[in-house]
Every structure is written in structure tokens, then in C-alpha cells.
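Spelled out, the chains give:
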Amino acid sequence: RAFPSETSARKMGGIVWELDARFAPADGESTARPGPRLGTLTTAPWDHPNPVGVPTPMALTYTRRGEPAHLTPDNVDLLPREARTFHVSLAHFMDHLGPDHVSNTPGGGRRYFGCRPTCMLVTARDPLTFDQDAKQSNTDAHTFVASPTGTTKVTTDDYARWIEAIQPDAFVALADESPSWRDGVALKKTKQASARTEKWLAQLLEKTKDLPTKPSVFASLQGGADAEERRACAEGIVERHGPRLAGFAIGSLGAGETPGEHRRSLLRASIEPTPWDKPRYVAGLGAPLDVLDAVELGVDLVEASFCHRCTTQGYALTFPVKPPAGTKGSKKRKRGD
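Residues numbered from 1 in each chain as written. Predicted model: local features only at pLDDT ≥ 70, side-chain atom pairs only at ≥ 80, totals over all residues. Heavy atoms only, no water.

1. Thoughts on the packing of aromatic side chains
Condition: Under the pairing criterion, centres of Phe, Tyr and Trp rings, with the six-membered ring standing for Trp, must be within 6.5 Å; the plane angle then separates stacked pairs below 30 degrees from edge-to-face pairs above 60, leaving the rest tilted. In this description a helix means any DSSP run of H or I spanning at least four residues, a strand means any run of E spanning at least two, and both kinds are numbered starting from the N terminus. Here the term buried applies to any residue with accessible area under 20% of the maximum for its type, exposed to any over 50%, and partly exposed to those in between, with areas from a 1.4 Å probe on protein chains only.
With the rule as written, the count across this model stands at five aromatic pairs. Consider the rings of Phe 93 and Phe 113, whose centres lie 6.1 Å apart with planes at 85 degrees: the pair is edge-to-face. With Phe 93 in the loop between β6 (85–89) and α2 (100–103) and Phe 113 in the loop between α2 and β7 (119–123), this pair connects stretches of sequence that are 20 residues apart. The exposure class assigned to Phe 93 is buried, which follows from its relative accessible area of 0%.

What follows is the structure in C-alpha cells.
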């Protein structure tokens, strides 16, 4: 797959994403049409001489403190570039040490890790330990995340310092995640969470705009279990902050809501208002069927914590794919073909 050119792709800090032209809306066609699509995500790391492109949809490798838990760095280096796109949870670093113990590493925060990922997307949420019932209520000044030492209070100042220290290619802005299961929380609180999330987004856009590594920013789209509130949240963020954003993260899913049509309706409500030329990411939907559902609706990036969970429990995953009978790929090829 060819790398996007500067004239054909929108460069936002650490990443460039380009939609395959076959999936772009035609003249006069509605852009609010969730559906599967192909694209290319290209990173232009500040510490690497050449851009690196990977196809989307794509699953981000789950990490612990920035590295895959079951692979040594030399084995990671042997993986294809698609498998070296990392999801990094800042919560793993929020123990007794501050961001300085990462940023003071000789050569900067990127040298802190034993691996050199193709792309690093940072979030505050660990998709495996995320539990909306196991933490205190957020306030306008801070949220709480599950860290190695329990729940930890995080402000936008804290979050910006960690982003500066770790030096990711992109990050998802801090969010007040509202439950997405039916009747999970009053609509008034859901709207409050959406407003708080947008407020934190605006603060982080300002706090990180002058970082030398210029990380790309993904806005978190909230709205809980209410499809109309999800649509309103997405529309407001796109209208007020869209040009400064590299992509969108669909929040509060994979945490107890009913799979199937209920979840799909929430995904559609968040996706439809977003620009067709920017990538969409969702956490918490790592199981294979959940991923296929999300991709079918237009999600470009997911995290692969399901693979980590299976490995921890001693399972190996295989996905044999057989082409339908009668297709070219189903026929035996002669030697030398």
C-alpha cells in the first residue's frame, strides 16, 4: 500500500490517515453513512527518518507499561508492522512514580520502552480493568482511573504531563465515561459527562499544542446509553473542535452494555456525525465478533486486549478462512503457478 502524500492526506501531528478512494462519498452523496471501509494510517515519528504506513481496519496490540506482556523485544521486532501498532494505557504508569521517571530516560520518553512500535496510541483507559462501578464519581476538575495502586485521580494537567513524557504518536483526550447499559444512569448525568468530556478536550488541545513531538489528538465521544445524546455530543465536538482533531474515539462501550442492536445503535449515533475523512477508534470491543460488528459500522481502529486475555489463560487463537466453493482461491493451483 502506498503512503499518502502530503497533498492527498491530512497530517495531524504524529499520524496521517487516508481513506481508500473507493470508499469516499461521491458528489452529492451523504457523508453520514456508517459502513465498512479501508484506509491507510501513516505515522511520521519525530525520532524516525521515514514514515511507516499500515492498512486499516487495524487492531492495536495491547501492552502493559508500553510493551506486549508475552513477547520479548527481539520477538516484537520480528512482527509485521501491523502488529507493532500499540495501545498504551497511561493508567499502568500511575503508581508511586511521576512522569519524570519516563521523560528523564536518556534520549527521551520513547527510549524508555524496549520496543520500537510502528504507532503508539495512548489512552487513560485500560480495556481489561475498566469498571465504571469501581471508582469514585468524577468532578469538573478530575477523573479517576484504575492504576496499579488502586484508583488514581487524574487532572488534565496530569494527563498532559504524561503525554509529554511518553511521547506517543496520538492520544485520546481524557473523558468522563458514562455507563452505556440500559437505564445505567440518569440522562442529566450523561449530559453532564458529555459536557465535561468536551471541556477536558479543549483544555488538552491547548496544553499539548506546543509539544515538540506534536502528538495527534483523538476526541472521546460520550453519551452513555442514549443514542440522541451520543449524536448531540459528536455533533458538538465536530462543530467546535473538528479541524484540530486527528480522529474520534467512541467511548463507554465494552463495559456491560447489551451486545447486538443496542450497541450497534450507539455506535451508529456516534459515528454518523463524524467526518468521513478521519479515523474512528473504539476500546473494549476486542472479541472477534465484536470487532466485526464495529468494522461493519465504520470503525477503523480497535484494541486487541482479547488476545492478551486469551494468552494469559493459556489459549491460542486460529482463524481458518476458506474461500467459498467455486472461487478462484478454492481451486488447487498447479506447481509453479
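After presenting the structure, the write-up continues.
2. A short note on the sheet that holds strand β13 (residues 280–282)
Put simply, the rule is: Pairing between two strands is assigned when DSSP locates at least 2 bridges connecting them. Think of each axis as a best-fit line through the C-alpha atoms, taken over the contacting stretch in the case of a helix, with angles from 0 to 180 degrees between the N-to-C directions. Here, residues are in contact when the closest pair of their heavy atoms is within 4.5 Å.
With parallel pairing, eight strands are arranged side by side around a closed barrel as β5-β6-β7-β10-β11-β12-β13-β14. Averaged over all pairs of adjacent strands, the angle between their axes in this sheet comes to 30 degrees, without regard to strand direction. Where β13 lies against strand β14 (residues 301–303), two bridges are found, and the strand directions are parallel. Each residue of the ladder has a partner; that of Val 282, found in β14, is Val 302. Against the sheet, helix α3 (residues 156–166) makes contact with β7 and β10 (170–172), and its axis sits at roughly 165 degrees relative to β7, the strand it touches most.

3. A closer look at the pattern of salt bridges
Spelled out, the test is: Salt-bridge detection follows one rule: a side-chain nitrogen of Lys or Arg within 4 Å of a carboxyl oxygen of Asp or Glu.
Scanning the entire structure with this criterion turns up 17 salt bridges. In this structure, the salt-bridge partner of Arg 37 is Asp 300, at a minimum N-O distance of 2.7 Å. In this pair, Arg 37 is assigned in the loop between β2 (15–19) and β3 (39–43) and Asp 300 in the loop between α7 (288–296) and β14, connecting sequence segments 263 residues apart. Comparing Arg 37 with Asp 300, the two get one shared label, buried. Notably, a salt bridge pairs Glu 198 with Arg 240, separated by 2.5 Å at the nearest N-O pair. Within this pair, whereas Glu 198 is found in helix α4 (residues 187–208), its partner Arg 240 is found in helix α5 (residues 227–241), the two being separated by 42 residues in sequence. Take Glu 198: its relative accessible area is 14%, and that puts it in the buried class. Three or more residues joined by partner-sharing salt bridges are found here, namely Glu 261, Arg 264, Arg 268 and Asp 293.

4. Considerations on the confidence of the model for the protein
When pLDDT drops low, the exact placement of atoms in the prediction is not to be read closely. This is how the line gets drawn: What pLDDT conveys is the predictor's confidence in a given residue, as a value from 0 to 100.
When pLDDT is averaged across the protein, the result is 84; 87% of the residues are at 70 or more. Confidence, read as mean pLDDT per element, is least for strand β1 (residues 10–12) in the protein (42) and greatest for strand β11 (residues 216–221) (97). Ignoring residues within four places in sequence, the model shows residues 1–13, a span with pLDDT below 50, making 34 contacts including any to other chains. When the criterion is pLDDT under 50, residues 330–337 qualifies, and its contacts beyond four places in sequence or with other chains add up to five contacts.

5. Observations regarding α5
Here is the rule: Here the expected length of a helix is defined as 1.5 Å per residue gap, with one fewer gap than residues. N or O atoms within 3.5 Å of each other form a polar contact, as long as, within protein, one can give a hydrogen and the other can take it, and as long as residues adjacent in sequence are counted only when both atoms are side-chain atoms.
Given a rise of 1.5 Å per residue, 15 residues ought to cover 21 Å, and the 21 Å separating the end C-alpha atoms of α5 matches this to within 8%. Within α5, the full set of buried residues consists of Glu 229, Arg 230, Cys 233, Ala 234, Gly 236, Ile 237, Val 238 and His 241. Looking at the buried residues of α5, the elements they touch are α4, β11, β12 (247–250) and α6 (261–271). Two or three places before Glu 228, at the start of α5, stands the capping residue Asp 226, its side-chain oxygen 3.1 Å from that residue's backbone nitrogen.

6. Considering the pairing of β11
The criterion, for reference: Consider the strands pointing away from the viewer: the crossover is right-handed when the path from the first strand over the helix to the second runs clockwise.
Of all six residues making up β11, six are buried, and the element is well covered by its neighbours. Where β10 lies against β11, three bridges are found, and the strand directions are parallel. The partner of Ala 170 across the bridge, within β11, is Ser 216. The handedness of the β11 to β12 crossover, carried by α5, is right-handed.

7. Overview of the side chain of Arg 280
Selection criterion: As used throughout, the charge tally considers Lys and Arg to be positive and Asp and Glu to be negative, leaving His and the chain termini uncounted.
Inspection of the secondary structure assignment puts Arg 280 in strand β13. In this structure Arg 280 is buried but unpaired, with Asp 300 as the nearest side chain of opposite charge at 4.9 Å. A polar atom in the side chain of Arg 280 sits 3.2 Å from the side chain of Thr 274. Apart from residues lying up to four places away in sequence, Arg 280 is in contact with Arg 37, Phe 248, Ile 271, Thr 274, Pro 275, Gly 298, Val 299, Asp 300 and Leu 301.

8. Observations regarding the pairing of strand β8 (residues 143–147)
Taken across its five residues, β8 has four buried, putting it largely inside the fold. Note that β8 and strand β9 (residues 150–154) share five bridges and pair antiparallel. Each bridged residue has a counterpart across the sheet, and for Thr 143 the counterpart in β9 is Val 154. Hairpin remark: β8 followed by β9, antiparallel, with two residues in the connecting loop.

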